[in-house]
Amino acid sequence: MSPSLFASLGIARDAMAAQQLALDVAQNNIANVNTPGYARQRINLVPGDPVAQEMYQAGAGVKVDSIDSYRSRFLDHRVSEELQRQGEFSASSSALQQVESLFNDTADSGLQSVIAAFFHSFSSLANAPEDVTLRQQVLACAENLGTQFRQKYEALQSVQRLLDRDIADTVADINSIAANIASLNVEIITANGSQANEGTLRDRRQVLIDQLAELTDIAFYETESGGVTIMSRQGATLVVGNQTTPWQVSAATDDTAPRVMAGGIDITAKIQSGKLSGLLKVRDDQVTGYLNMLDDMAAAIIGRVNAQHVQGEDMNGAPGGDFFVPFASTVPGSNLGAARAMRLAVTDPALIAAAGVGAGVGSNANVRKLAGIQDEPILSGNRATIDQAYTNLIYNIGRDTKNAVDGLETQNLLMTQLQNQRDALIGVSLDEEAVNILRYQKAYQANARIISVIDSLTEEMIQLVGG
Amino acid sequence: MRTTESISYRILLDNVRMLNAQLARASEQVSSGKKYSHLHEAPSHGAEMLELQDQLADLDQYQSNADSTGFFIKVTESTLGSIYNIVSAVFTQGSSAASGSNSETSRAAFASEIRSLRDQLFSLANTEVNGRYIFAGSLVTQPAYVMEGDAITYQGNTEMNTIDIGASLQVQQNLPGSPALDPMFASVNSLLSAVESGDQTAMQAALGQFSGALSTINQARARVGVDLGKIEDAEFARGQQQTYIETRQSAVGDADLSEAIVKLNQAQAALEAALTTGSLIGQKNLFDYIG
């Protein structure tokens, strides 16, 4: 049996429809050239099923097999992993730069110059221990020292409070994104097999997964039904199909850190990267560490100055009392709260015990020793002076910030490379689409021409029959 | 690698961001003259700058101590010099009075002169600087000596104040009067008493004590002189230290301006080039040629 002209017409019609659909795909790609997360689509055309003929087998035209999105699971996972690190470095570098700005000491300002001024005021008093003006200067410097310690401490605590808010907001964002992913899971499972629509939904879900990766560490995999399961790398579940496990944040106070909870379980320690991890690490490890260093310094100054002060005599010839209000720690083995508690016990300049015992009002025997405390190794297990401990604190802040800033810079470069790699696969190229349009347009025109030819042949046949 | 418009724009954006950061950094260096504006740019340099600032502040304090105590010691030295001269004058007057040819009237005149000189010595021994009696030990708020009749009594103590004028470098700020001036008052009062009574033997005995008294004063002057020398030496050393620290501060903290300006120009040129190149992205594609 030889093929009929009408069958040829059908083949041309189907071919035109296929080219039309291909043009639609190209047009959709062009429309989404700047859509974040959009993966370009391609139409897969396959030859129609062959039709048996008497001697030969002619093809049955073309048919659309599928419309696919270009996605690479490997690259999607790599991007997700690196986004988590980028999110962590971004959060920590931003928070630490706030801390850094609090400790940008110059020659005339900053805690170090105030500490120096305090001990130098003792040294000045040693020149004329009976001078009331110099005694008042000692009290003013001591007052300023306490104020500076409190201000630095409270400034660090205010950074922690900002981080607390950011942690709560981030957890809220995580929950919101997780809920959206769960909704998309449902849509994808429902649309399974409906080709283009499913691809678009997957693109949208991948964008959300990328957003989630920036916020917290996640591992994800796709189930056979098309839904994704997302959990933290340490196993705290976030999304399973259409279900989410919302995370909560326990309220923080000045002395207690916020905890991230999932289903009533504390998962804070399980969060290892992403913005949330960066915020938690800066708050709980780094800033808390700086606060501890300030507390240790303040406690050492209070304790050592008081210990020396009681060994002298004041202007009235009476034994010296405490210079600072003694600090009693409420937490064994810790100096928590010392920096906030640094206050003067002596308010009358005459009660500064500058003199040695029984040595008279002009003696500087004790005040000279008070001045010398600045050079005594009374911190870090009696290995560091107060200045060295403060320099160490400043160095630690600079080093931590540098690590975060450098880490972010490296991560940004890595992310650019990865995103470029992914875009090389999924991104839309206008030139390619122009070529595709040209191709499909020509094919469409050719098939239209075939219809025209068949039409004229049919016309000729009709005339022959009619003639 | 397949290239898309989004890749080209991302690379452009990254380059522009990086060049803008370089431009800002170079511009900050040129305008501030400082190598680093933020601690994280060089944490160890930041820590070193703090240490250097701390050392400079210590040097300032040592300078202040040296100025303050130096003035005190100079007054002490000058007072001791005056005391030495007056005691020498008393000795001269006493020697003249002790010569056998003096009439009663002239001996009385010598006695009056010696008394007057003794009173000057008493006044000098109670020299006050900024409200502090310099020979009173640490009992600086009361005169070092009191006089009842002709009896002169030391009411200070022997405490000496040490002042730090450098790292591990100290001077004694004060000179308690008792060991240095008591022998002098004893000698002068013995001589005065002997001249007034016309007792030649007592006069000779009193004059014999003067060499010891003068020697004691000279020893005190020598000790004070050593401390003044220490202060001068320390000032010189401090000046050198300060220069070293400031040089180091400059090396650690100051920007190399010519290098910073070159970097600024390079960053500007690179940024312009990147922007010019970027403006070409997407300007032409195949659609321009499809009819």
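Every chain's residues receive numbers from 1 upward, in the order its sequence appears when written. Labels follow written order: the first chain is A, the first ligand is 1, and so on. Totals for whole chains, interfaces and linings use every residue, but because this is a predicted model, local features are given only for residues with pLDDT of at least 70 and side-chain atom pairs only at 80 or more, for both listing and counting. Heavy atoms throughout the structure, all of them, feed into the side-chain values; hydrogens and water do not.

(A) Local environment of the overall build of chain B. The numbering of helices and of strands both runs from the N terminus, where a helix is a DSSP run of H or I of at least 4 residues and a strand a run of E of at least 2. Of the regular secondary structure elements, chain B holds 6 helices and 6 strands. Counting from the amino terminus, helix and strand elements in chain B follow one another as α-α-α-β-β-β-β-β-β-α-α-α. For the radius of gyration, the atoms used are the C-alpha atoms, and the globule rule reads 2.2 Å times the number of residues raised to 0.38. Relative to the 2.2 N^0.38 estimate, which gives 19 Å for 291 residues, the radius of gyration of chain B is 39 Å and therefore markedly larger than a compact globule would have. Buried residues in chain B amount to 42% of all 291 residues. By the convention used here, residues are in contact when the closest approach between their heavy atoms is within 4.5 Å. Excluding contacts between residues fewer than 6 apart, the proportion of contacts in chain B whose partners are at least 24 apart in sequence is 70%. Per-residue and other accessible areas were derived by the Shrake-Rupley procedure at a 1.4 Å probe size, with only the shown protein chains allowed to occlude residues. As displayed, chain B has an accessible area near 14200 Å², and 53% of this comes from carbon and sulfur atoms. For every residue, the accessible area (1.4 Å probe, protein chains only) is compared with the maximum for its type, and the residue is labelled buried under 20%, exposed over 50%, or partly exposed between those bounds.

(B) Representation of the layout of surface pockets within the structure. A 1.4 Å probe that fits into a set of points on a 1 Å grid over the protein atoms alone but cannot get out defines a cavity; an open set with protein on both sides within 12 Å along at least five of seven lines defines a pocket, and lining residues are those with an atom within 4 Å of a point. Grid points are joined across faces, edges and corners, and a volume is the space filled by probe spheres set on the points. If you add up the space inside the largest pocket, you get close to 1700 Å³. Residue lining of the largest pocket: 46 residues in total, with A:Asn412, A:Leu413, A:Thr416, B:Asp14 and B:Arg17 positioned closest to the centre. When contributions to the lining of the largest pocket are tallied by element, the ones reaching two or more residues are α2 (73-102), α5 (196-215) and α8 (386-426) of chain A together with α1 (5-32) of chain B. Along the lines of polarity and charge, the residues of the lining of the largest pocket split into 16 nonpolar, 17 polar and 13 charged. Here the second largest pocket defines a volume of roughly 500 Å³. Forming the walls of the second largest pocket are 22 residues, and the residues nearest its centre are A:Asp105, B:Lys34, B:Tyr36, B:Met49 and B:Gln53. Contributing elements (two or more residues each) for the lining of the second largest pocket: α2 (43-98) and α5 (200-253) of chain B. The residue makeup of the lining of the second largest pocket, split by class, is 9 nonpolar, 10 polar and 3 charged. Ten residues, namely Ala, Val, Leu, Ile, Met, Phe, Trp, Tyr, Cys and Pro, are considered nonpolar, four, namely Asp, Glu, Lys and Arg, are considered charged, and the remaining ones, Gly among them, are considered polar.

(C) View of the domain arrangement of chain A. The domain boundaries here were taken from an automatic or database domain assignment. The domain architecture assigned to chain A consists of domain 1 (3-70 + 429-466) and domain 2 (82-176 + 271-416). Computed from C-alpha atoms alone, the centre-to-centre distance between domain 1 of chain A and domain 2 of chain A is 77 Å.

(D) Highlighting helix α7 (residues 365-372) of chain A. All names here are of chain A. When α7 is considered as a whole, its buried residues turn out to be Asn 366, Val 367, Leu 370 and Ala 371. With its buried residues spanning 145 degrees around the axis, α7 presents them on a single face. Tucked into the core, α7 has its buried residues touching α3 (111-125) and α6 (274-309). Our arc is simply the arc of the directions from the helix axis toward the C-beta atoms.

(E) Focus on the side chain of B:Ser187. Tracing the backbone shows B:Ser187 in helix α4 (residues 177-197). If we ignore the near neighbours within four places in the chain, the residues touching B:Ser187 are B:Ala206, B:Gln209, B:Phe210 and B:Ala213.

(F) Geometry of the interface of chain B and chain A. Contact with chain B, which involves 45 residues of that partner, is made by 54 residues of chain A. Summing both partners gives a buried area of about 4100 Å² for chain B against chain A, and 52% of it is carried by carbon and sulfur. Across the pair B:Arg10 and A:Asp423 runs a salt bridge, and its minimum N-O distance is 3.1 Å. Think of a polar contact as two N or O atoms within 3.5 Å of one another; within protein, one of them needs to be a possible hydrogen donor and the other a possible acceptor, and neighboring residues in sequence only count if both atoms come from side chains. Put simply, chain B and chain A have 27 residue pairs in polar contact (both at pLDDT 80 or more) between them. Broken down by secondary-structure element, the contributors of at least two residues to the side of chain B that touches chain A are α1, α2 and β5 (162-166) of chain B. Take the side of chain B that touches chain A: its biggest share by element is 13 residues, from α2(B). In terms of residue class, the side of chain B that touches chain A is built from 14 nonpolar, 20 polar and 11 charged. Here the quantity called buried area is the accessible surface, traced with a 1.4 Å probe, that two parts lose on coming together, added over both. When a carboxyl oxygen of Asp or Glu lies within 4 Å of a side-chain nitrogen of Lys or Arg, that pair is called a salt bridge.

(G) Quick peek at the pattern of salt bridges. All names here are of chain A. The final tally for this structure, using the stated rule, is 34 salt bridges over all chains. A salt bridge links Arg 85 to Glu 82; the nearest nitrogen and oxygen atoms lie 2.8 Å apart. On the criterion of helical spacing, the pair formed by Arg 85 and Glu 82 is a turn pair, its members being 3 residues apart in helix α2. Judged by relative accessible area, which is 39%, Arg 85 ranks as partly exposed. Among the residues examined, Glu 82 registers a relative accessible area of 4% and is labelled buried.

(H) Seen up close, the environment of A:Gln112. On the secondary structure map, A:Gln112 appears in helix α3. Linking A:Gln112 and A:Gln148, residues 36 residues apart in sequence, is a C-alpha distance of 9.7 Å. Apart from the residues lying within four places of it in its own chain, the contact partners of A:Gln112 are A:Asp105, A:Tyr390, B:Leu50, B:Glu51, B:Gln53 and B:Asp54. Within the structure, A:Gln112 has its side chain in polar contact with the backbone oxygen of B:Leu50 (distance 2.8 Å).

(I) Seen up close, the pairing of strand β6 (residues 228-231) of chain A. Residues and elements named next belong to chain A. When DSSP locates at least two bridges between a pair of strands, those strands are taken to pair. The pairing of strand β5 (residues 219-222) with β6 spans 4 bridges and is classified as antiparallel. For Ala 219, the partnering residue across the bridge sits in β6 and is Met 231. With antiparallel pairing between neighbouring strands as the criterion, β5 and β6 make up a hairpin whose turn holds 5 residues, including Gly 226 at a positive phi of roughly 105 degrees. Where β6 meets strand β7 (residues 237-240), 3 bridges bridge the pair, whose relative direction is antiparallel. Across the sheet, the residue bridging to Thr 229 is Val 240, located in β7.

(J) Structural context of the domain arrangement of chain B. We note that the domain assignment places domain 1 (3-33 + 255-290) and domain 2 (63-247) within chain B. Distance from the C-alpha centre of domain 1 of chain B to the C-alpha centre of domain 2 of chain B: 78 Å.

(K) Here's a closer look at the sheet that holds strand β9 (residues 247-249) of chain A. Residue and element names in this part refer to chain A. If you walk across this open sheet you meet the 3 strands as β9-β10-β11, and the pairing is antiparallel. Each edge of the sheet is formed by a strand with only one pairing partner; in this case those strands are β9 and β11 (265-266). Of the strand pairs in this sheet, β9 and strand β10 (residues 260-262) are connected by 3 bridges, and their pairing is antiparallel. Each residue of the ladder has a partner; that of Gln 248, found in β10, is Met 261. Helix α4 (residues 132-191) contacts β9 and β10 of the sheet and is inclined by roughly 165 degrees relative to β9. Each axis is a line fitted through C-alpha atoms, taken for helices only over the stretch in contact, and angles between the N-to-C directions span 0 to 180 degrees.

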